[in-house]
Amino acid sequence: YLVHNQGGDMAPEHVLELHKIAFSVGNCPYGDDIVADHGTPKQRQCAAIWGATQAAFLDGLMTNPDSFKNEFDLELPHLVNLDEDACRL
């Protein structure tokens, strides 16, 4: 949302700076509920990079939320494993 030109229209680099400020503290689990696990700071950074990259290449188009969720779910193992291709602008 923050990178898309119909959203926050921010440069991906600025989103990463915001991410460093807001999410640089350890993991955010909620009790023993793994569903609420938000990942490590590096995993969250990788996810932010992936999301910013998706928005940057949409060229003003909006994507269907269900399609985006499906794409994210497919990419999630790569984000969790910090695969280099997924974590690069």
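This is a predicted model, so every value here is computed, not measured.

J.: Lay out the overall build of the chain with the relevant residues and their values.
T.: Assigned secondary structure in the chain consists of 3 helices and 0 strands. Counting from the amino terminus, helix and strand elements in the chain follow one another as α-α-α. Residue burial in the chain is summarised as follows: out of 89 residues, 21% are buried. Relative to all contacts within the chain whose residues are 6 or more apart in sequence, the contacts with residues 24 or more apart total 49%. For the chain, the accessible area works out to roughly 6400 Å², and carbon and sulfur atoms hold 59% of it.

J.: Tell me about the environment of Phe-68, residues and numbers included.
T.: For Phe-68, the position within the fold is in helix α3 (residues 65-80). Take Phe-68: its relative accessible area is 30%, and that puts it in the partly exposed class. In this structure, the C-alpha to C-alpha distance between Phe-68 and Gly-51, residues 17 residues apart in sequence, is 9.6 Å. With residues near it in sequence (within four places) discarded, Phe-68 still touches Trp-50, Gln-54 and Thr-63.

J.: Give me the lowdown on the state of the cysteines, citing residues and values where you can.
T.: Working definition: the covalent bond between the sulfur atoms of two cysteines is a disulfide. Under the criterion given, the structure shown has 1 disulfide. The residue that forms a disulfide with Cys-46 is Cys-87, at a sulfur-sulfur distance of 1.9 Å. Across the disulfide from Cys-46 to Cys-87, rotation about the S-S bond amounts to roughly -85 degrees, and the bridge is consequently left-handed. Here Cys-87 lies in the segment after α3 and Cys-46 lies in helix α2 (residues 41-56), a separation of 41 residues in the sequence.

Criteria and thresholds
Residues numbered from 1 in each chain as written. Predicted model: local features only at pLDDT ≥ 70, side-chain atom pairs only at ≥ 80, totals over all residues. Heavy atoms only, no water. Helix = DSSP H or I, 4+ residues; strand = E, 2+ residues; numbered from the N terminus. Buried < 20%, exposed > 50% of the residue type's maximum accessible area, 1.4 Å probe, protein only. Contact = heavy atoms within 4.5 Å. Areas by Shrake-Rupley, 256 points an atom, 1.4 Å probe, with all protein chains shown as cover. Disulfide = S-S within 2.5 Å.

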